[in-house]
Amino acid sequence: MSTRVRTRFAPSPTGYLHVGGARTALFNWLYAKHHGGTFVLRVEDTDGTRNTEAAKSAIFEGMEWLGLDWEGPGNEGDCGPYYQSQRSEIYLKWFEKLVEENRVYEDEGAWRFRFERKLITMDDLVCGEVTIDYSDDSNTPDMVIRRSDGSFVFHFVNVVDDLTMGITHAIRGEDHLMNTPKHLQLFEAFGATPPKYAHIPLILNGDGSKMSKRDEGAALGDYPRQGFLPGAVVNFLALLGWSPKDESEIFSTAELIQKFSLDTVNRAPARFDPNKCRWVNQQHILGLSSEEFVSQCDSQASPEMLNSVKEKVALLTEVPDAIAFYLDPNFPINSDALNKVKGNESAGPLLNGLAENFENLEDWNSAKETVALTAKAAGAKPGQLMFPLRIALSGKSGGPDLGAILTILGKKECVRRLQRFIEFLA
């Protein structure tokens, strides 16, 4: 009977949740969900001088916003959150095992782990087979696992935690690849089976530089404020280093769980593209139902107004500006668009004729058809009138479908706006 998959995410609460950390959490979560396993959250909070409550809150809020759930203590699977600061007795117990086995020795107050001097080969699920030579102690000196103040270092607590929490697969950034032989030696010293390791590629900026905390898109907490949907960000993060076997790119979270595999994680570093992220978000907005889109918009505007711009926005934060012309009877008119209409000598007479026809129109449902008939009667093409009409009604050259604008504004307001614009032209 195979062991149930159990993965973990182990952030340090020393700053906001970085997009690289969020991607690591997502890959672990997807892998566990794909295999019907469990996902553990473990907070590495032993550095009391750098840990902050704000950083811890940012991690939890970011995980919850993305929908990366874990079970609490006492629930099936016992998936945390665990806090390393509360596990000192556990670490002491496992440290004593190394003392009994003569695998540690004191050196100037600190304690070093005694490496076995041999080749260490690991079969990484992404990077393949990697061998490190530990036979030369001048190149690979025994490592400190306990400081002179009694605190334990990352390598030791990381291994003890993975061992005691039953982690079967450790998916982490490629920058940890050279730590793995050290961890394998610790597992061997404990007589325990290590997890299977998968080191995923780093995330680079578009220019190939390493992504730092100050770079665009680095802070996960910025995404909700910028108007991204959580499902879209999950989709985008999944594409940073992973791809399915086909060319598709837009997935629901459920589809990602179904398709995710470490076999299709790329070796090459991932390039962060903010424009691609916006595009993915736009596709997810388009995939929302009318009701879902309205519920996502923090606006008191009518559902008709909101849904008229659904296909025109890439971010939810663009909605207020996109619908502003509906709500402001004295909306500003784009100067370039106004000058373009002024350059069309037939625009004024066409708009005058349309305003008159609109006033005489009994069935407003035929308003858009009236635009075409007005243009035809004047010997013009419909497009020669539709552009000036759009500017008259919205002040902008782009935006919702003209038919939707006519319906939402209604006859009286459309006539008023036409007459206002004709005065601008004059």
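Treat the numbers as computed from the prediction; the structure is a model and nothing was measured.

(A) Representation of the overall build of the protein. Across its full length, the protein carries 17 helices and 12 strands. What you see for the protein is a C-alpha radius of gyration of 30 Å, clearly larger than the 22 Å of a compact globule of 426 residues, by over 25%. With the C-alpha coordinates of the protein rotated into their principal frame, the extents come out at 100 × 45 × 35 Å. In the protein, which comprises 426 residues, the share counted as buried stands at 48%.

(B) View of the sheet that holds strand E5 (residues 110-113). Strand order in this open sheet of 3 strands is E4-E5-E8, and the pairing throughout is antiparallel. The open sheet terminates on both sides in strands that have one partner only, identified here as strand E4 (104-107) and strand E8 (143-146). With strand direction ignored, the average angle separating the axes of adjacent strands in the sheet is 45 degrees. Here 4 bridges tie E4 to E5, and the two strands are oriented antiparallel to one another. Its bridge partner being in E5, Asp 107 is matched across the sheet by Ala 110. In this fold helix H3 (residues 88-100) packs onto E4, E5 and E8, with an angle of close to 135 degrees to the strand it touches most, E8.

(C) Seen up close, the layout of surface pockets. There is about 1300 Å³ of room inside the largest pocket. As for the largest pocket, its lining consists of 45 residues, and the residues nearest its centre are Ala 10, Pro 11, Ser 12, Glu 44 and His 176. Looking at the lining of the largest pocket, the elements with two or more residues in it are strand E1 (6-9), helix H1 (19-34), H3, helix H4 (154-164) and strand E9 (169-173). Broken down by element, the lining of the largest pocket gets its largest block of residues, 4 residues, from H1. In terms of residue class, the lining of the largest pocket is made up of 17 nonpolar, 17 polar and 11 charged.

(D) Expanded view of helix H12 (residues 319-327). Restricting attention to buried positions, one finds in H12 the residues Val 319, Ala 322, Ile 323, Phe 325 and Tyr 326. Summarising the axial view, the buried residues of H12 lie within an arc of 140 degrees, below the 170-degree limit, and thus occupy one face. Facing away from the buried side of H12 by more than 90 degrees, the exposed set consists of Pro 320, Asp 321 and Leu 327. For H12, the elements touching its buried residues are helix H10 (290-296), helix H11 (303-308), helix H16 (382-394) and helix H17 (402-425).

(E) The pattern of salt bridges, seen in detail. One pass over the structure, following the stated rule, counts 19 salt bridges. When the shortest N-O distance is used, the salt bridge between Asp 142 and Arg 117 registers 2.7 Å. Of the two residues, Asp 142 is situated in the loop between strand E7 (128-133) and E8 and Arg 117 in the loop between E5 and strand E6 (119-124); the sequence distance between them amounts to 25 residues. Residue classification places Asp 142 among the buried positions, given a relative accessible area of 12%. Classification of Arg 117 by relative accessible area gives partly exposed; the value is 32%.

(F) View of the packing of H1 against helix H7 (residues 230-238). In the contact formed by H1 and H7, the axes pass within 9 Å of each other and the chain directions differ by 90 degrees. When the axes of H1 and H7 are compared, the pair comes out roughly perpendicular. Counting all contacts with H1, which are made through Val 19, Ala 22, Arg 23, Leu 26 and Phe 27, the residues of H7 involved are Val 234, Leu 237 and Ala 238. Here the contact of H1 with H7 is built from residues that sort into 7 nonpolar, no polar and 1 charged.

(G) Representation of the confidence of the model for the protein in the model. Predicted confidence across the protein gives a mean pLDDT of 92, with 98% of residues reaching 70 or more. Contacts from residues 72-76, a stretch scored under 50 in pLDDT, to residues over four places away or in other chains number 8 contacts.

(H) Seen up close, the packing of aromatic side chains. Evaluation of the coordinates by the stated rule reveals 17 aromatic pairs. Note on Tyr 91 and Phe 152: the rings are 6.2 Å apart at their centroids and 65 degrees apart in plane angle, and the pair reads as edge-to-face. With Tyr 91 in helix H3 and Phe 152 in the loop between E8 and H4, the pair connects residues that are 61 residues apart, well separated along the chain. Each member of the pair, Tyr 91 as well as Phe 152, carries the same accessibility label: buried. Feature note: the residues Tyr 91, Trp 94, Phe 95, Trp 111, Phe 152, Phe 156 and Phe 190 constitute an aromatic cluster, connected by ring pairs. A cation sits over an aromatic face here: Arg 146 above Phe 95, 5.0 Å from the ring centre.

(I) Quick look at the sheet that holds strand E3 (residues 82-83). Spatially, the 3 strands line up as an open sheet ordered E1-E2-E3, and their pairing is parallel. Both outer strands of the open sheet, E1 and E3, are each paired with one neighbouring strand and no more. Contacts from helix H2 (residues 53-66) reach E1, strand E2 (38-43) and E3 within the one sheet, and its direction differs from that of E2 by about 165 degrees.

(J) Structural context of the environment of Ile 333. For Ile 333, the location among the structural elements is in the loop between H12 and helix H13 (335-342). When the C-alpha positions of Ile 333 and Ser 397 are compared, they lie 9.6 Å apart, and in sequence the two are 64 residues distant. Contacts of Ile 333, omitting those with residues within four sequence positions, involve Leu 338, Ile 391, Gly 395, Arg 420, Phe 421 and Phe 424.

Definitions and cut-offs
Residues numbered from 1 in each chain as written. Predicted model: local features only at pLDDT ≥ 70, side-chain atom pairs only at ≥ 80, totals over all residues. Heavy atoms only, no water. Helix = DSSP H or I, 4+ residues; strand = E, 2+ residues; numbered from the N terminus. Rg over C-alpha atoms; globule rule 2.2 N^0.38 Å. Buried < 20%, exposed > 50% of the residue type's maximum accessible area, 1.4 Å probe, protein only. Pairing = 2+ DSSP bridges. Axes fitted to C-alpha atoms, helices over the stretch in contact; angles between N-to-C directions. Contact = heavy atoms within 4.5 Å. 1 Å grid on protein atoms, 1.4 Å probe; cavity = no way out; pocket = protein on both sides within 12 Å on 5 of 7 lines; lining within 4 Å. Points joined across faces, edges and corners; volume = space filled by probe spheres on them. Nonpolar A, V, L, I, M, F, W, Y, C, P; charged D, E, K, R; others polar. Arc of directions from axis to C-beta. Salt bridge = Lys/Arg side-chain N within 4 Å of Asp/Glu carboxyl O. Parallel < 35°, antiparallel > 145°, perpendicular 65-115°, else oblique. pLDDT = per-residue confidence, 0-100. Phe/Tyr/Trp six-rings, centres within 6.5 Å; stacked < 30°, edge-to-face > 60°. Lys NZ or Arg CZ within 6 Å of the ring centre and 35° of its normal.

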